[in-house]
Amino acid sequence: MMTLEHIVEAIWRRRLVLCVALVAGAVLSFATIRLVPSKYTAQSSVLMAAEQTVPSDPQAGRSPIKPILSSDLPMLATTPTVLSRLAKDLGLQPTPDVLQHLQRRIKARLSVTTSLPSGEPAAGVLMTTFAAPSEAEALHGANALAQEITTFYRDNSTSRFTALIADLETQLDRRRARLRTIDVRINRIVTANPWLDPRAGSAALAAHYQQLAAERAETLATLASDEAAARTYGRRPAESAAAAHRDITESDPTFHNLRDQYARDYAQMVRLRGQYSSAYPGLSEIEGSVANERAAMLAQERKLRGLSPAASPIYVGALDEKTKADSSAAADVAKLRGYDALVGETGAGIQQSQRAATEVVALQRERDAATSAFGVISSRLAEAVADKAEAGSVGSVNVLDQAAYAKPAVYMWPLVVTAFVIVMALAIAAATLVALEKLDRRFHTTTIIEGVYGIPVVATLK
Amino acid sequence: MTRRTIEDELNVLRAKLQSQLPPRAILAVTSATAGDNVREVAFGLGRSVAAGGRATAIIRLPPDGAGSPRERGLRFEVPSLPLIEFISVDAGPHLQVLSVRSGTALQELSVPAMRQRFAEELRARFEFVVIDAGEPQNNSAGLAALRLADGVLIAAALGRAVVPADRDLVDILAGVKAQVAGIVTSDSRKLRRYADELEALRDDAPAVPALRFEGVVDRSIGERASVSPPMTA
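Conventions adopted
Residues numbered from 1 in each chain as written. Chains lettered and ligands numbered in written order. Predicted model: local features only at pLDDT ≥ 70, side-chain atom pairs only at ≥ 80, totals over all residues. Helix = DSSP H or I, 4+ residues; strand = E, 2+ residues; numbered from the N terminus. Buried ≥ 20, exposed ≤ 12 C-beta atoms within 10 Å, placed from the backbone. Contact = placed C-beta atoms within 7 Å. Expected span 1.5 Å × (residues − 1). Arc of directions from axis to C-beta. Pairing = 2+ DSSP bridges. pLDDT = per-residue confidence, 0-100. Axes fitted to C-alpha atoms, helices over the stretch in contact; angles between N-to-C directions. Parallel < 35°, antiparallel > 145°, perpendicular 65-115°, else oblique. Left-handed = near helix turned anticlockwise from the far one by under 90°. Nonpolar A, V, L, I, M, F, W, Y, C, P; charged D, E, K, R; others polar. Core = buried A, V, L, I, M, F, W, Y, C linked by C-beta atoms within 7 Å.

### Here's the deal with the overall build of chain B
Logical step 1: When its secondary structure is counted, chain B shows 6 helices and 8 strands.
Logical step 2: In sequence order, chain B lays out its α and β elements as α-β-α-β-β-β-α-β-α-β-α-β-α-β.
Logical step 3: Relative to its 233 residues, chain B shows a buried fraction of 45%.
Logical step 4: In chain B, the share of contacts with a sequence separation of at least 24, taken over all contacts with a separation of at least 6, comes to 79%.

So this is what it looks like as structure tokens:
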């Protein structure tokens, strides 16, 4: 039996060995703890809100809208579905080994705050922890786990609406595609028939035709009037030719001079004849001069008459009027021809549009029916989505708080590491001491000496 | 708690021995191997007893083969006349260290009558005698000392390994019917001071003839003893 004194003595005696054992133990234990994989734990929380119990079924704690109670939440954390989704979130393949490994790293604890009248928990906070080798992975895993739990819960709560919504959306897609096809066909027909109104059909074209016909009749009347005017004005140049010549003659200054000279001389001759007898010597001279002047005047007049009447403004005006009248008539003729072409085309278009209008009307009717069905399905889809939202919100599960940090495992705390190293070093040193003492057969204690000699030790000098 | 010194331990040991041994006792200190601090224990114990005012002698026995011409000191070799002659060194008040002079025939102590006479002579002169018996396996004088002593103290150095000589010593002590008083363990380093003092005594202190003991040639006739002048206490 070793006493405290013996122990102290043995420690002092083997202090060098113990120092080596302490250092070796410290190094060994530190290396050992460093070989242990790092472990960080992050915690997130999920809140399940309280729900109203169903009055018609007070015995049943479970609601048809809330299929999972708060007490079931911890089990959700380790369901294969949640684990598989979590594995995918973490970039892992959801193999059985991976799922089992993830399950071991998850801990879920429910903190119930309220209870239903039936005694079952109605609301609670699920504290989920996720352990990982790194702080970032622990954080990511804890948050992904909380999110997947809520997603899984909502999926289950709204699963019956999901199929309905999917079916309605499929129907809507089909209806939408049908409407698009009808619109394309209507647009193609309308494009091919510009006058065709998808709503009014060929009525606009008919009205246009009537307008064209009216305008044509008006143009035809105008043409008749203009042709009559043209005929009238066509005679005006011939009728104004004499006046034009007269105007030319009258407006010629040479002729005027000749005529004035002739008139004065003729008046002089007449006055002389009245005053004098034929024997007046100057009478013959003046008569000869008058005859010459008259001949010259007539010659000038003949010369002027040989000129074109176009030199006279009168004649030019007549020609201009005739030209204008002819132009108006020609324009009316051309306009009438244009109207004739348009009326012909419009008439043909009306005939063609009648077939297209029939087709458009049929398509429009079909589109109206499809639109109505689309509206009905859309309304049902909206109701289903609303029901799903309601189902997801009643007794809903939400992420209450995301993990913001990850705590290292206890064995990674510096204080714990230090304590572990110290304890292990001391333990190794103690074990070394005990082993050495057990194996050592030297006279270190009186017990050994007395055992060898069978005689008591009476004194120890040291 | 105040740790007891070696002197305290020796005083306690002295008290224990004095309670066990008769007055004017002869105590032999022996050991199984060399290095068990037999001389240091004997010297320390003798000095402790002497410090108590009792006339004490410490007898140092040479091992077998000692006393050859190579040893220093005088040599009186008279084969026909067994002689045990000691020289004394004054080691302090009431303390004499007796060394066997070279050439002394310690083998005569193997004779019971001689041994008894020798013991009586010692008791007549000293109140307490401590004999450094050394290792009796190779020391006939030491073996004789074990026989004549009133008590035997075994010295064992702490830290040394157990050797077969320990068992042999047990057998020897049983064979000579020695009265074993106990074991004294010691730390040689702590007792170095005593070893140094002993060395100083042997090398520097003047040795004077202290005890001359002559035995008889014919062991059956008897013995005669020549006693040196009385020792000063």
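Text resumes after the structure shown.
### Regarding the overall build of chain A
Logical step 1: Across its full length, chain A holds 14 helices and 6 strands.
Logical step 2: Every one of the 462 residues in chain A was classed for burial, and the buried ones make up 24%.
Logical step 3: Long-range contacts, defined here as pairs at least 24 residues apart, represent 80% of the contacts in chain A between residues at least 6 apart.

### Considerations on helix α3 (residues 112-125) of chain B
Given 3.6 residues per turn, any residue in an α-helix points the same way as the ones three and four places further on.
All names here are of chain B.
Logical step 1: Helix length check: α3 (14 residues) gives 20 Å between terminal C-alpha atoms against 20 Å at 1.5 Å per residue, within 8%.
Logical step 2: Turning to α3, its buried residues are Met 114, Arg 117, Phe 118, Leu 122 and Arg 125. Seen end-on, α3 carries its buried residues on one side only, within an arc spanning 135°. Among the exposed residues of α3, those pointing more than 90 degrees away from its buried face are Pro 112 and Ala 124.

### Describing the interface of chain B and chain A
Logical step 1: The partner chain A presents 17 residues to the 28 residues of chain B that form the contact.
Logical step 2: Looking at the side of chain B that touches chain A, the elements that each hand over two or more residues are α1 (6-20), α2 (38-51), β6 (151-157), α5 (164-175) and β7 (180-186) of chain B.
Logical step 3: Looking at the side of chain B that touches chain A, the element that brings in the most residues is β7 of chain B, giving 7 residues.
Logical step 4: Bridge analysis of strand β6 (residues 457-461) of chain A against β7 of chain B gives 4 bridges, and the strand direction is parallel. Its bridge partner lying in β7 of chain B, Thr 460 of chain A is registered against Thr 185 of chain B.

### So, the confidence of the model for chain A
Residues and elements named next belong to chain A.
Logical step 1: Residue-level pLDDT values for chain A average 84, and 91% of them are 70 or greater.
Logical step 2: Here strand β2 (residues 106-115) stands out as the element of chain A with the lowest mean pLDDT, 77, in contrast to helix α4 (residues 80-89), whose mean of 92 is the highest.
Logical step 3: Counting contacts from residues 53-65, a segment whose pLDDT is below 50, to residues more than four positions away or on other chains yields 15 contacts.

### What to know about the packing of α4 of chain A against helix α6 (residues 135-157) of chain A
All names here are of chain A.
Logical step 1: Where α4 contacts α6, the two axes come as close as 9 Å, and the packing angle between them is 135°. Here α6 runs oblique to α4, going by the angle between their axes. The element α4 and its partner α6 pack so that their crossing is right-handed. In contact with Thr 81, Val 82, Arg 85, Leu 86 and Asp 89 of α4, α6 contributes Gly 141, Ala 144, Leu 145, Glu 148, Ile 149 and Phe 152.
Logical step 2: A breakdown of the residues in the contact of α4 with α6 according to their chemical character gives 6 nonpolar, 2 polar and 3 charged.

### Here we look at the environment of Gln 171 of chain A
Logical step 1: Its place among the elements puts Gln 171 of chain A in helix α7 (residues 159-192).
Logical step 2: Gln 171 of chain A sits 207 residues away from Ser 378 of chain A along the chain, and the two C-alpha atoms are 9.2 Å apart.

### Focus: the nonpolar core
All names here are of chain B.
Logical step 1: With 65 residues, the main nonpolar core has Leu 27, Val 29, Val 129, Ile 131, Ala 145 and Ala 149 as its most contacted residues.
Logical step 2: Looking at this core, the element that brings in the most residues is α2, giving 7 residues.
Logical step 3: Residues in contact with Ala 149, not counting those within four places in the same chain, are Ile 26, Leu 27, Ala 28, Ile 131 and Ala 178.

### Topic: the environment of Ala 157 of chain B
Logical step 1: Positionally, Ala 157 of chain B belongs in strand β6.
Logical step 2: Along the sequence, Ala 157 of chain B and Gly 35 of chain B sit 122 residues apart, while their C-alpha atoms lie 7.0 Å from each other.
Logical step 3: When residues no more than four places from it in sequence are discounted, the contact partners of Ala 157 of chain B are Phe 443 of chain A together with Gly 35, Asp 36, Asn 37, Ser 186 and Ser 188 of chain B.

### With respect to the confidence of the model for chain B
Residues and elements named next belong to chain B.
Logical step 1: Within chain B, residue pLDDT values average 76, and 72% of them lie at 70 or more.
Logical step 2: In the model of chain B, strand β8 (residues 208-214) stands out as the element of lowest mean pLDDT, 61, in contrast to strand β1 (residues 25-30), which has the highest, 94.
Logical step 3: Taken as a whole, residues 66-81 scores under 50 in pLDDT and shows 20 contacts with residues more than four places along the chain or in a different chain.
Logical step 4: Counting contacts from residues 215-233, a segment whose pLDDT is below 50, to residues more than four positions away or on other chains yields 35 contacts.

### Some words on the pairing of strand β2 (residues 56-60) of chain B
Residue and element names in this part refer to chain B.
Logical step 1: Most of β2 sits inside the fold, with 5 of its 5 residues counted as buried.
Logical step 2: Because side chains alternate across β2, one face comprises the buried residues Thr 56, Ile 58 and Arg 60, and the other comprises Ala 57 and Ile 59, equally buried.
Logical step 3: As defined by bridge partners, β2 adjoins strand β4 (residues 95-100) across 5 bridges and the pair is classed as parallel. In the sheet register, Thr 56 faces β4, and the bridge partner there is Leu 95.
Logical step 4: Alignment of β2 against strand β5 (residues 128-134), held across 5 bridges, turns out to be parallel. Directly across from Ile 58, in β5, lies its bridge partner Val 130.

### Things to note about unusual backbone geometry
Residues and elements named next belong to chain B.
Logical step 1: Non-glycine residue Arg 24 carries a positive phi angle of around 50°.
Logical step 2: Locating Arg 24 in the fold gives a position in the loop between α1 and β1.
Logical step 3: The class of Arg 24 is partly exposed, set by 18 C-beta atoms lying within 10 Å.
Logical step 4: Positive phi, normally seen in glycine, also occurs at Asn 37, with a value near 65°.
Logical step 5: Locating Asn 37 in the fold gives a position in the loop between β1 and α2.
Logical step 6: A count of 27 C-beta atoms within 10 Å places Asn 37 in the buried class.

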